[in-house]
Amino acid sequence: MQLYNYFRSSASYRVRIALALKGLKYDYLPVHLAHNEHLQEGYAQLSVSKLVPVLKDGDKLLSQSLAIIEYLEETHPEPPLLPGDAFARARIRALTLDVACEIHPLNNLRVLRYLVHDLKVSEDDKNRWYRHWVESGLEVVERQLREHPATGRFCHGDTPTMADCALVPQIANAQRFDCRLDHVPTVMRIHAECMQLDAFAKTQASACPDAA
Ligand SMILES: N[C@@H](CCC(=O)N[C@@H](CS)C(=O)NCC(=O)O)C(=O)O
């Protein structure tokens with residue numbers, strides 16, 4: 001397998017974690033977003049949306065990090081990232097989507113570039129926008145994790161799931177942009193648990209081959 005990705009991309013980091021948790025080997029193919037490599041013709045042949053990550057498995061091309069993780073789950077079920085019954089899996093997916101749909105798209109590179117270049121928003125206001133959506137979005141995640149009987153060492157139970165694959169990269173972004181995190185103690189406790197594991201620590205941005 002080959003993963004087209006970028007060290008600072010949180011959607012890419014989600015997939016790197018899932019691959020590591022499942023013990024799957026892959027070639028790391030960097031696509032430098034800050035240098036606009038994702039907008040060039042060669043990459044557009046691989047990704048209609050011009051976004052990372054893209055996973056190539058033989059002749060199969062897969063896009064969308066969560067679809068990729070579910071593909072890995074179906075093709076390599078152990079260890080499960082969506083364990084439990086239908087209700088448990090729905091909770092894991094809901095927590096995942098609270099990050100991947102409700103927080104991340106509002107702060108994607110192209111959105112931030114549009115704010116600054118097209119709408120002429122100041123750097124300060126762009127950062128306020130960023131922090132607002134991260135801090136308020138994580139508060140929603142916190143309220144779902146705190147005191148929920150299914151929350152364990154990790155977001156759901158005592159083994160990492162797809163929800164942790166989404167949460168940890170979002171915290172990395174939040175820390176990079178100096179977001180407030182003292183209002184989400186359960187989120188941060190789970191983040192610390194995850195970072196004890198190689199699958200999370202050895203795939204983080206600073207450990208990537210293309211890290212600046
Ligand atoms: N929903 C997509 C999001 C992919 C995405 O937005 N990737 C970002 C990096 S985290 C990207 O390629 N951004 C390029 C841009 O915004 O121009 C997924 O989960 O894969």
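This text follows the structure it describes.
In short, a report on the structure. It should be emphasised that the depicted structure is a prediction, and the values quoted were computed from it without experimental measurement.

Some thoughts on the pairing of strand β3 (residues 54–57)
- Sheet analysis places strand β1 (residues 2–5) next to β3, joined by three bridges and oriented antiparallel. When the bridges of β3 are listed, Gln2 appears paired with Lys56.
- As paired elements, β3 and strand β4 (residues 60–63) share four bridges and run antiparallel to each other. Bridging from a neighbouring strand, Asp57 pairs with Lys60 of β4.
- Taken together, β3 and the strand that follows it, β4, pair antiparallel across an intervening segment of two residues, in which Gly58 is found at a positive phi of about 65°.

Quick notes on the packing of helix α6 (residues 123–145) against helix α7 (residues 162–176)
- With their axes 11 Å apart at the nearest point, α6 and α7 run at an angle of 145° to one another. Every pair of crossing elements has a handedness; the one defined by α6 and α7 is left-handed. Contacts from Tyr130, Val134, Leu138, Val141 and Leu145 in α6 reach Leu167, Gln170, Ile171, Asn173 and Ala174 in α7.
- Partitioning the contact of α6 with α7 into residue classes produces eight nonpolar, two polar and no charged.

What counts as what
- Residues numbered from 1 in each chain as written.
- Predicted model: local features only at pLDDT ≥ 70, side-chain atom pairs only at ≥ 80, totals over all residues.
- Heavy atoms only, no water.
- Pairing = 2+ DSSP bridges.
- Helix = DSSP H or I, 4+ residues; strand = E, 2+ residues; numbered from the N terminus.
- Axes fitted to C-alpha atoms, helices over the stretch in contact; angles between N-to-C directions.
- Left-handed = near helix turned anticlockwise from the far one by under 90°.
- Contact = heavy atoms within 4.5 Å.
- Nonpolar A, V, L, I, M, F, W, Y, C, P; charged D, E, K, R; others polar.

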